[in-house]
Structure formats: structure tokens, C-alpha cells
Amino acid sequence: MTAIWILIITAVVILAAVTAEIYRETHCFRVTRYSLGLRKLRRLEREIRIIFLSDLHNKVYGKDNDVLLRAIREEAPDLILIGGDMLVGKAGVTRQPAYDFVRKLPEICPVFYANGNHEQRMKEMPDRYDYSYRDYRERLKQCGVIFLENESRQIMIHGMKLNVSGLELPLSTYEKFRKKRVEGTDVAERLGFWPEGQRAGGSEAELQILLAHNPAYAEGYKEWGADVILSGHLHGGIVRIPGIGGVITPQAFLFPKYSGEMTVEGEQAVIVSKGLGTHTIDIRLFNTPEVVLLTLKKPL
């Protein structure tokens, strides 16, 4: 066999393997488990289990998302947090898969929902879409879902007060080939407050959890005083390179600092979900969709 044929056969085998892996990753998900023990958590009576969901984009696993719901129930969460883009904000695309899934979550535990850019643009530009964001939101609120649209809600779990905030930045912060400057003051202006005490770190009495869809502005979120930042939006960077991370963002920037992992920096943590679905580019490689389980523990 000549060298050229060896190269052709090798290329075909590699292409077939990559194609098979892309197919697998666009048809299954996993539960990614993180454990976090910040000093603020030393008063915890027992662990807090938080499920974080982001970027479903109408994806359905099993019949009526029963596979996804079963996986969430099996983790026995105390709280479910949604980081946005559960539907697809595009003319002619239904919202029904997202609605049918999210409405069942309050049967498991309390659910807080912060918008992504898809929900936000439907809200701000309603004439472009075939169905109403307001109706979607109100119907889910009737099912027990709590929406956080530049709002905060406190909840006490196992002796620890959690202050959960949902941030919506201007839609211009999502524009391709551009990155705005977002500082702590911008976050405070949108949410209407600085965390009690010092700006970075906040009050020892409560844990500040910030749902902020776009992780590109994590430095501003940290400056504001978030203890735990939960983001999505990047779909893991579409393709991930082992040891490096995600390759590209929706804004077309390469190799973002945060793309699909937990990064602990001092007493602050940035957690970025790789998301559960795809949108526009239906490709994933070395980048399995995920449900994130965050377990809050007493520090060692």
C-alpha cells in the first residue's frame, strides 16, 4: 500500500470518528458536579445542592424531556437556577419545548430563572416574534417559576441565606466582534444595589449568587461583589481543546478565559455551563452538553 493510500485511509477514519463523536455529543448530556467551600459557608448546617441549567434552546432529551427531568430529580436539588436561553428567540420557532420542560421544574424544588439574550430580545423587540415573551413568562410564573429580571430574591436553605440576583445587561453587550466595558458600577446600576459591606466580598451573613448569562464580563461581576457567578451563553466554546478550553464565543472571540468550567479565585467562583442545546451551529466536539450540580459545603 502506498503512502498516499495510507494517508487517505487515515483521514477517512479520523473524519468518521469525529463525525460519530459530534453526533454523540449533540444527542446526549451529562451531569457535571462541582463542590465549593467558601468561608461564608462555614455556618452551613448541611450541604446545599444547586442545579444550574442554561442554553437548552428547545432541545429535547427523550419523550417530553423525561430523560433530563429524571436526571435532575435523581440529584435531589435544594434549588434550581436557570441562566437563560432555554428557548430560541427566532421568528417562526416555537417556545413549546422550553415551556413544557421548565413548567415541571417547580415540582422538584424552588426555581429561579434569569434571562439570556434570546429571552431578553424577545422581551425588548416583541414585534419580531410569533409569540409573546410576556405570555411565556406569566404562564411559567403561574407554575411557580420565579423570574429575576434585574431583580434579586433571598432564600434560606440549611441555615444559609442565599441572595440570588438575575442580571440583564444591554443587548449591545452581545454584539459580534465587540466587547463592551462592564464594571461593578454597571452591575450595581442594573440591579439597584451593591452587596452589603465591602463591594468585593459583601456581607458575611449571606452568599451573593449572580446569574449573568454572558461570562465575558466576569471581571465586572466580581468587582460588584458576587461570591458565585453562574453563566452560560458560550455553549462550551463549540469545540474544546483539552488543556486549553473553548475555542470561540458567539461574539467571535477566540479562546475565552471562562468557557465551560468552575474557576475559583480567592473567595469568588465563576461557573460557566457548557449548556444543554445548540443554536445556529449544530456542532459540539469534546464538549458534551451538561447539567451542572453545584454542591455548597462548609470549608475545610
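Keep in mind that this is a model prediction, so the values were computed, not measured.

Trainee: Would you mind going over the environment of Lys40 with me for this structure?
Mentor: Considering the arrangement of structural elements, one finds Lys40 in the loop between strand E1 (30-36) and strand E2 (48-53). In the structure, Lys40 is positioned 105 residues away from Val145 in sequence and 27 Å away in space, judged by C-alpha atoms.

Trainee: Help me out: how do you make sense of the pairing of strand E7 (residues 160-167) in this one?
Mentor: In regular strands, side chains alternate between the two faces of the sheet. Taking burial as the measure, the 8 residues of E7 include 7 buried ones, the bulk of the element. What sits between the antiparallel neighbours strand E6 (residues 151-157) and E7 is a turn of 2 residues, in which His158 has the positive phi angle 50°.

Trainee: Explain the sheet that holds E1 to me, please; I cannot follow it from the model alone.
Mentor: One key point about sheets: their strands pair by backbone hydrogen bonds, in either a parallel or an antiparallel sense. Taken in spatial order, the 6 strands make up an open sheet running E1-E14-E2-E3-E4-E5, and their pairing is mixed. Where the open sheet ends on each side, the last strands, each with one partner, are E1 and strand E5 (146-147). Two elements, E2 and strand E3 (residues 79-82), share 4 bridges in a ladder whose sense is parallel. The residue bridging Ile50 from the neighbouring strand is Leu79, located in E3.

Trainee: Is there a simple way to explain the pattern of salt bridges in this structure?
Mentor: Close approach of charged atoms allows side chains with opposite charge to pair. The final tally for this structure, using the stated rule, is 24 salt bridges. For Asp100, the salt bridge identified is with Arg103, shortest N-O distance 3.6 Å. Taking relative accessible area as the criterion, Asp100 reaches 26% and is therefore assigned partly exposed. Residue Arg103 is classed as partly exposed on the basis of its relative accessible area of 33%. Through salt bridges that share partners, Lys123, Arg137, Glu138, Lys141, Glu149 and Glu168 make up one connected network.

Rules used in this analysis
- Going along each chain's sequence as written, the residues are numbered from 1 onward.
- Residue-level local features of this predicted model are given only where pLDDT is at least 70; pairs of side-chain atoms are given and counted only at 80 or more, and the full residue set underlies all totals for whole chains, interfaces and linings.
- With hydrogens and water excluded, all non-hydrogen atoms of the structure serve as input to the side-chain values.
- Helical segments are the DSSP runs of H or I of at least four residues, strand segments are the runs of E of at least two, and each set is numbered from the N terminus.
- Think of it in three bands: residues with accessible area under 20% of the maximum for their type are buried, residues over 50% are exposed, and the middle band is partly exposed, with areas taken using a 1.4 Å probe on protein chains only.
- Pairing between strands is defined by DSSP: at least two bridges between the two strands are required.
- Any Lys or Arg side-chain nitrogen found within 4 Å of a carboxyl oxygen on Asp or Glu counts as a salt bridge.

In short, shape yes, function no, at least from these values alone.
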